Number of protein chains: 2
Amino acid sequence: MVIQTKQCACRWILRHQHKLKQAARSCHLKVKEVLGVEDVSRPYEHEKVEPLPLAETFRYADLKTTLAEPHQLRLKPDVSELKFGQIFTDHMLKAFYHEALGGWQKPEIIPFENISLHPAAKVLHYAVELFEGLKAFRGVDGRVRVFRPDMNMHRMNLSAKTSGLPTFDSEEMLKCLKRLIAIDQEWVPHAEGSSLYIRPTLIGIDGTLGVAQSESALMFTILCPVGNYFSSGSDAVSLLADPTYARAWPGGCGDRKVGSNYGPTIRVQKKASKRGLQQVLWLYGDDHQVTEVGTMNIFMFYINEDGEKELVTPPLNGLILPGVTRASIIQMAQEWGDFRVVQRTITMNEIVLLLKENRLLEMFGSGTACIVSPIASISYLGNLLRIPTNEHSAPLFKKIRDQLYAIQYGHIKHPWGVLVDQP
Amino acid sequence: MVIQTKQCACRWILRHQHKLKQAARSCHLKVKEVLGVEDVSRPYEHEKVEPLPLAETFRYADLKTTLAEPHQLRLKPDVSELKFGQIFTDHMLKAFYHEALGGWQKPEIIPFENISLHPAAKVLHYAVELFEGLKAFRGVDGRVRVFRPDMNMHRMNLSAKTSGLPTFDSEEMLKCLKRLIAIDQEWVPHAEGSSLYIRPTLIGIDGTLGVAQSESALMFTILCPVGNYFSSGSDAVSLLADPTYARAWPGGCGDRKVGSNYGPTIRVQKKASKRGLQQVLWLYGDDHQVTEVGTMNIFMFYINEDGEKELVTPPLNGLILPGVTRASIIQMAQEWGDFRVVQRTITMNEIVLLLKENRLLEMFGSGTACIVSPIASISYLGNLLRIPTNEHSAPLFKKIRDQLYAIQYGHIKHPWGVLVDQP
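Everything numeric in this text was worked out from a predicted model, so none of it was measured. (Residues numbered from 1 in each chain as written. Chains lettered and ligands numbered in written order. Predicted model: local features only at pLDDT ≥ 70, side-chain atom pairs only at ≥ 80, totals over all residues. Heavy atoms only, no water.)

Quick notes on the overall build of chain A
Secondary structure summary: chain A contains eight helices and 21 strands in total. Across the 423 residues that make up chain A, the buried fraction comes to 57%. Long-range contacts, defined here as pairs at least 24 residues apart, represent 74% of the contacts in chain A between residues at least 6 apart. (Helix = DSSP H or I, 4+ residues; strand = E, 2+ residues; numbered from the N terminus. Buried < 20%, exposed > 50% of the residue type's maximum accessible area, 1.4 Å probe, protein only. Contact = heavy atoms within 4.5 Å.)

In structure tokens form, the structure reads like this:
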């Protein structure tokens, strides 16, 4: 290619900017390879989950693809301008389920478009809906990886069972997802810290008003590029812990990723915002057990009564979403063996006591959106508890974040980073 | 009109069947008027509800109506064939809310059609949705009445506030609803026991993935004719009372008519059905408090420790939907003054004890769909408790049902029966 004028050169650079960035990042990887930087490639065990009797499924082999016409393609904004969940890619995945037609219909990849629903569709009245959230990352080698997608597919089937919605084969779904990501792969940002957020969704669409098992459903998946969650300075969050509200309760669905767990939280989040606090710390029970933070799982790092460092997170007792990041942190920390890792109930009383005795080191949330989110303070019953998470020289939450980033962006080879371009 | 042939006569009768029925019913009313049958026209006080600061609203004066073309009109099935929520009328009401455009847009009545949603619409992911259920009845005088619609509009605004959705002026909404019903008035069945079910719905439609207050929303209302809930013989229901599950909990949204309260109940209803039981009796807490039955409020009629008859229903403590039928039953029974009427907690232990001492007379559910639904049995911790609701010669639930029917079908003049054809 011959660059003829100054203007042409600018255009060429603008168009190929991401390739130049990529080249620089790949060099970095080569250096690491040569230097033999540590590689954690041991297989991690998944948390145990009950096996699902698989219903008939849609199949990747039946996938029909209709690519967007050139005029349908959207502009890709600069990574620095990306806000979470505002911009979507050019294509989406869709599969209908109709009991009357024998169950799952052939899946399709189509240009991104609106969904047309009967006004009585169950999803619009009775919250017959569930979703997943996972991410694809552009590695230093330029290849795209998804983080532990098998866990999301498994959880999605568990949510479907709970919601009276049809289940499907996780591997077939994953193959369809990989194909969708491959088609829209130029939407996976070429910058560390940013990624492509993947939102598989399953909704009940019967056009009848009974509160009942869905005979018709729609699985669809949309993708949106997201920037660096922690681009702006200090990232530690302030929390409202108000025992008046509960996110989940025994005998409910708090351990499933269903729509019902989210809508009712908005009013409490608004209350926190009004008081200048960033997120909600969800409590449960008369002893004010800590359950989740915002839409994340929660971890506490502290010095136990034996003087040992210990990482603790609430157990999967039905009130807690079985987070993929949560499970990954537990497994990683266990592998490291540097401190005890415990799943048990944490109460607000304990937090107050540990702070008084200078034994609380860090608290942080974990989730797909933010990976790890340090906690700076908790407003609780009129007191502002300052959490010293960000006051250590080498905090645990940063080590965890770095390790997860290293896997996600392909700095180290690891089975949790699943390549999109491999079957 | 001259009827020329036998075939013509049949056609004429078929086409004018409902008018003939109506004539017969109106005669019946005239007789009542002449005989001076009891008329409960005293105004009933509404249950107290906190006043709502009204946001800007859509207005009836702005209502734009587009009538369906003749080819869009649907066949009206025979009342005997109607199942709940399966058939819809020819028109629907719609009003969009867009914060960026100044809030509520002009409401519209349009031919019944699908709703087109952005795939990231909050309603599809986070259950940002709420609804109401009320009914229009064809009176013995041929005129159409809605039952206490002001209470539904008020509750809908309370649900909106809880859900981060925009509120509106109840009276403007009611005027729009009346217009919709008037346009589709031939869909209000001409048969006692049947009615036109009205389903106002409000959903969050922002096409962004954040769990947050909705900046765009859609209010829509659809109508469906429903047959007699109790057409087939004995109507008393069998219940599953399983303390493993809870419908609502303190600090949640159990007292609002939001989608989140319904989706998670489907799995428990399925469990009941598998065991041959018809509905779920929802319990709460270690003392197994009775909260609701299916999607209804619950009442118990019994002989108290002083040997007096007493009607009791759980209090509005946050776990209970403030039902319109519930409030109406309480007010009616208080007016009658025949027995004590109490709002207090009922536990399963109490039910077991009362049955043992032969002091439990009746249990029944109350709701818009069924009005009053007698309970025949409860399966509880391995025991089948037989409830003698249907074993009395003149049970209370029938007196209540008859009285509500009398108001709804215009047998007696009453402020609860709001005429659709009057402003």
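Some remarks on empty space enclosed by the protein
By the definition in use, this model includes twelve cavities of 30 Å³ or more. Empty space within the largest cavity amounts to approximately 160 Å³. What lines the largest cavity is a set of 20 residues, and nearest its centre among them are R247, W249, S260 and P264 of chain A together with W249 of chain B. Taken together, the residues that form the lining of the largest cavity break down as ten nonpolar, seven polar and three charged. (1 Å grid on protein atoms, 1.4 Å probe; cavity = no way out; pocket = protein on both sides within 12 Å on 5 of 7 lines; lining within 4 Å. Points joined across faces, edges and corners; volume = space filled by probe spheres on them. Nonpolar A, V, L, I, M, F, W, Y, C, P; charged D, E, K, R; others polar.)

Digging into the UniProt feature "modified residue: N6-(pyridoxal phosphate)lysine" (unreviewed entry) in chain A
Residue and element names in this part refer to chain A. Following the UniProt record, one finds the feature "modified residue: N6-(pyridoxal phosphate)lysine" (unreviewed entry) at K257. Relative to the elements of secondary structure, K257 occurs in the loop between strand 11 (237-241) and helix 5 (266-274). Looking at K257, the relative accessible area reads 10%, which means it is buried. Non-local contacts of K257, meaning those with residues more than four positions away in its chain, are made with L130, F131, E132, G133, R155, S159, Y262 and L321. (UniProt positions renumbered as here; feature names shortened; annotations may be inferred.)

Some words on the state of the cysteines
By the definition in use, this model includes zero disulfides over all chains. With no disulfide of its own, C370 of chain A lies 15 Å from the sulfur of C224 of chain A, the closest cysteine sulfur. Given the relative accessible area of 1%, C370 of chain A is considered buried. Cysteine C176 of chain B shares no disulfide, and the gap to the nearest cysteine sulfur, in C224 of chain B, comes to 20 Å. (Disulfide = S-S within 2.5 Å.)

Observations regarding the packing of helix 6 (residues 324-336) of chain A against helix 8 (residues 396-408) of chain A
Residues and elements named next belong to chain A. Contact pair helix 6 / helix 8: the axes reach a minimum separation of 11 Å and the direction vectors enclose 105 degrees. When the axis of helix 6 is compared with that of helix 8, the two are roughly perpendicular. For the pair formed by helix 6 and helix 8, the contact residues are T325, S328, I329, M332 and W336 on the first element and L396, K399, I400, Q403 and L404 on the second. Of the residues belonging to the contact of helix 6 with helix 8, the class tally is six nonpolar, three polar and one charged. (Axes fitted to C-alpha atoms, helices over the stretch in contact; angles between N-to-C directions. Parallel < 35°, antiparallel > 145°, perpendicular 65-115°, else oblique.)

Some thoughts on the environment of T368 of chain A
All names here are of chain A. As for its position among the elements, T368 is in the loop between strand 18 (360-367) and strand 19 (371-380). For T368, a relative accessible area of 22% translates into the label partly exposed. Each C-alpha atom, one on T368 and one on N297, is 10 Å from the other, the two residues being 71 residues apart in sequence. If near-sequence neighbours (up to four positions away) are discounted, T368 is found in contact with G133, L134, K135, Y197 and T325. A distance of 3.5 Å separates the side chain of T368 from the backbone oxygen of G133, its partner in a polar contact. (Polar contact = N/O pair within 3.5 Å; in protein donor to acceptor, adjacent residues only side chain to side chain.)

Brief notes about the relation of the copies chain A and chain B
Superposing chain A onto chain B takes a rotation of 180 degrees plus a shift of 0.0 Å along the axis, which leaves an RMSD of 0.0 Å. Expressed as a symmetry operation, the mapping of one chain copy onto the other fits a two-fold axis. (Least-squares fit on C-alpha atoms with pLDDT ≥ 70 in both.)

Comments concerning the pairing of strand 18 (residues 360-367) of chain B
Residues and elements named next belong to chain B. In terms of burial, strand 18 is a largely internal element, eight of the eight residues being buried. The pairing of strand 18 with strand 19 (residues 371-380) spans four bridges and is classified as antiparallel. The residue bridging F364 from the neighbouring strand is P374, located in strand 19. Where strand 18 folds back onto strand 19 in an antiparallel hairpin, the turn is made up of three residues. (Pairing = 2+ DSSP bridges.)

Quick notes on the nonpolar core
Membership of the largest hydrophobic core comes to 117 residues, with the highest contact counts inside it found for L117, L124 and I181 of chain A together with L117, L124 and I181 of chain B. Apart from the residues lying within four places of it in its own chain, the contact partners of I181 of chain B are A136, V144, V146, V188, L196, I198, L223 and V420 of chain B. (Core = buried A, V, L, I, M, F, W, Y, C linked by side-chain atoms within 4.5 Å.)

A closer look at the side chain of S159 of chain B
Within the element layout of this structure, S159 of chain B appears in helix 3 (residues 149-163). Excluding residues within four positions of it along the chain, S159 of chain B makes contact with L130, R256, K257 and V258 of chain B.

Let's talk about the interface of chain A and chain B
Counting residues at the interface gives 60 residues for chain A, matched by 60 residues for chain B. Taken together, the two surfaces of chain A and chain B that pack against each other cover about 4,600 Å², and 62% of this comes from carbon and sulfur. Ranking the residues of chain A by area buried against chain B places L124, L209 and W249 of chain A at the top, with a combined share of 14%. Between the two partners, chain A and chain B, sit zero salt bridges. Here chain A is connected to chain B by 28 residue pairs in polar contact (both at pLDDT 80 or more). Partitioned by chemical class, the residues of the side of chain A that touches chain B number 31 nonpolar, 21 polar and eight charged. Taken together, the three bridges between strand 5 (residues 115-117) of chain A and strand 5 (residues 115-117) of chain B define a ladder with antiparallel strand orientation. (Buried area = accessible area lost by both parts, 1.4 Å probe. Salt bridge = Lys/Arg side-chain N within 4 Å of Asp/Glu carboxyl O.)

Considerations on the side chain of T201 of chain B
Along the chain, T201 of chain B falls in strand 9 (residues 195-204). For T201 of chain B, the side chain forms a polar contact with the main-chain oxygen of R199 of chain B, separated by 3.4 Å. Among all residues touching T201 of chain B, those that are not within four sequence positions of it are L124 and H125 of chain A together with L130, F131, M156, L218, M219 and F220 of chain B.

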